[in-house]
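Residue-level listing of the chains:
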Amino acid sequence: MLPALAGAAAGALAWSLWEAQWVELVERDVFLGGLPPELDGFRILHLSDFHLGTLSLNACALARATDWAPGRPVDLVAVTGDLVSRPRGEAALRRTLARLEAPHGVFAVLGNHDVAATRDPFSRPADLSRLDGAGAHLLEHEAAELEIGGRLVQIAGADPRRRHLGLSGLVNPDADLRILLTHFPEDADRLPPGAYHLVLAGHLHGGQICLPAPGGKLRLSQLRAAYWEGLFERAGGALHVSRGLGTTLVPFRFLARPEATVLTLKSRE
């Protein structure tokens, strides 16, 4: 009995290590009301939760995603936080961001691990304020505006250190397309109706380690989360939650594959 249990445990650990780099490469359509025809078909590569700098397979998963991305032409790249878990991951982060290209730019926000607001006792904050040199625009509770096809597109970015300030003040109501990047999916519930057209988030890793259960997956990371992964209709904007690419605390994933996603915006009307 004991040898069988030990064998099953070893097999589960081996699978979980393998799954941690078995990146699911996803393409999804997102239907938005009021999307101008000039922006119909706008494509966004959504990446999240690299967690670089730890002893893990996170860099392998990220490499698979960045190898796949160039074959999927996109208009913009959005990265929703937890870029590093240790300051030593900054060099790998810069190399990765330098590989990502899009005609309208690469935009990123910080997550709680980037500022060491985490249960990980070994986490240390990293200074990522100069990512522009790596080809990415870091949004720290601020917004950028782009003119695309004669339309105004706003990219707003939440900062985990400034959550008390709220996100409504970043909204430009004159923008034809408003996109919010935030690390935390629950921020979508703190927005007034119609604040943004699209909200992109990560943070939860799809549960990272999940167990099959009669009512669906039992997700062992943050059991009470409202939005684990995928698309949700919220009053403040359509919400997409990425499972992300890395792991935290333990280098395993089970029934929660890492994910890189291309979102194609389409008009609902």
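Heads up: these notes are all about the structure in this document. Nothing here was measured: the structure is a model prediction, and the numbers come from that model. Chains are numbered independently. Their residues run from 1 in the order of the written sequence. Note on the predicted model: pLDDT of at least 70 is required for a residue's local features to be given, and 80 or more for side-chain atom pairs to be given and counted; whole-chain, interface and lining totals, by contrast, use all residues. Excluded from the side-chain calculations are hydrogens and water; all other atoms, namely the structure's heavy atoms, are used.

1. Some thoughts on the overall build of the protein
Let me state the cut-off plainly: Put simply, DSSP H or I for four residues or longer makes a helix, DSSP E for two residues or longer makes a strand, and each gets a number counted from the N terminus. It is over C-alpha atoms that the radius of gyration is taken, and the globule rule equals 2.2 Å times the number of residues to the power 0.38. Relative accessibility thresholds used throughout: buried, under 20% of the residue-type maximum; exposed, over 50%; partly exposed, between the two (1.4 Å probe, protein chains only). Here the open area of atoms and residues is found with the Shrake-Rupley method and a 1.4 Å probe, where only the protein chains shown may cover a residue. For the charge count, each Lys or Arg is scored as positive and each Asp or Glu as negative, with His and the chain ends excluded. The atoms used to mark charge sites are NZ of Lys, CZ of Arg, CG of Asp and CD of Glu.
Assigned secondary structure in the protein consists of three helices and 14 strands. Its C-alpha atoms give the protein a radius of gyration of 18 Å, near enough to 18 Å, the size a compact globule of 269 residues would have. Based on the C-alpha atoms only, the size of the protein along its principal axes is roughly 65 × 40 × 40 Å. Counting only residues that meet the buried cut, the protein has 52% of its 269 residues in that class. Of the roughly 11,800 Å² that the protein leaves accessible, carbon and sulfur atoms contribute 57%. One finds the centroid of the 27 positive side-chain charges in the protein at a distance of 8 Å from the centroid of its 30 negative side-chain charges.

2. Describing the sheet that holds strand S13 (residues 238-241)
Which entries qualify depends on this criterion: Should DSSP find at least two bridges between two strands, the strands are taken to pair. Lines are fitted to the C-alpha atoms to define the axes, a helix being fitted only along its stretch in contact, and any angle between axes, read from their N-to-C directions, falls within 0 to 180 degrees.
Strand order in the open sheet made by the six strands is S6-S7-S8-S9-S13-S12, with mixed pairing throughout. Sheet topology places strand S6 (142-148) and strand S12 (230-232) at the edges, where each strand pairs with a single neighbour. Put simply, the sheet's adjacent strands are angled 20 degrees from each other on average, direction ignored. When strand S9 (residues 198-201) meets S13, the two strands line up parallel, connected through four bridges. Opposite Ala201, over in S13, you have Val241 as the bridge partner.

3. So, the layout of surface pockets
Selection rule: Buriedness of a pocket was judged along seven lines, with at least five required to meet protein on both sides within 12 Å; pockets are open sets of points on a 1 Å grid over the protein atoms alone, cavities are sets where a 1.4 Å probe fits but cannot get out, and lining residues have an atom within 4 Å of a point. Grid points are joined across faces, edges and corners, and a volume is the space filled by probe spheres set on the points. Throughout, the ten residues Ala, Val, Leu, Ile, Met, Phe, Trp, Tyr, Cys and Pro are labelled nonpolar, Asp, Glu, Lys and Arg are labelled charged, and all others, Gly among them, are labelled polar.
Here the largest pocket defines a volume of roughly 350 Å³. Along the wall of the largest pocket there are 18 residues; nearest its centre are Arg119, Gln208, Ser221, Thr248 and Leu249. Along the lines of polarity and charge, the residues of the lining of the largest pocket split into four nonpolar, eleven polar and three charged.

4. Observations regarding helix H2 (residues 58-68)
Rules: Working definition: the arc comes from the directions between the helix axis and the C-beta atoms, pointing outward to the latter. In what follows, a contact means two residues having at least one pair of non-hydrogen atoms within 4.5 Å.
Considered for burial, the residues of H2 that qualify are Asn58, Ala61, Leu62, Ala65, Thr66 and Trp68. Mapping the buried residues of H2 onto a view down its axis gives an arc of 160 degrees, with all of them on the same face. On its buried face, H2 is in contact with strand S1 (24-32), strand S2 (43-47), helix H3 (90-99) and strand S14 (259-267).

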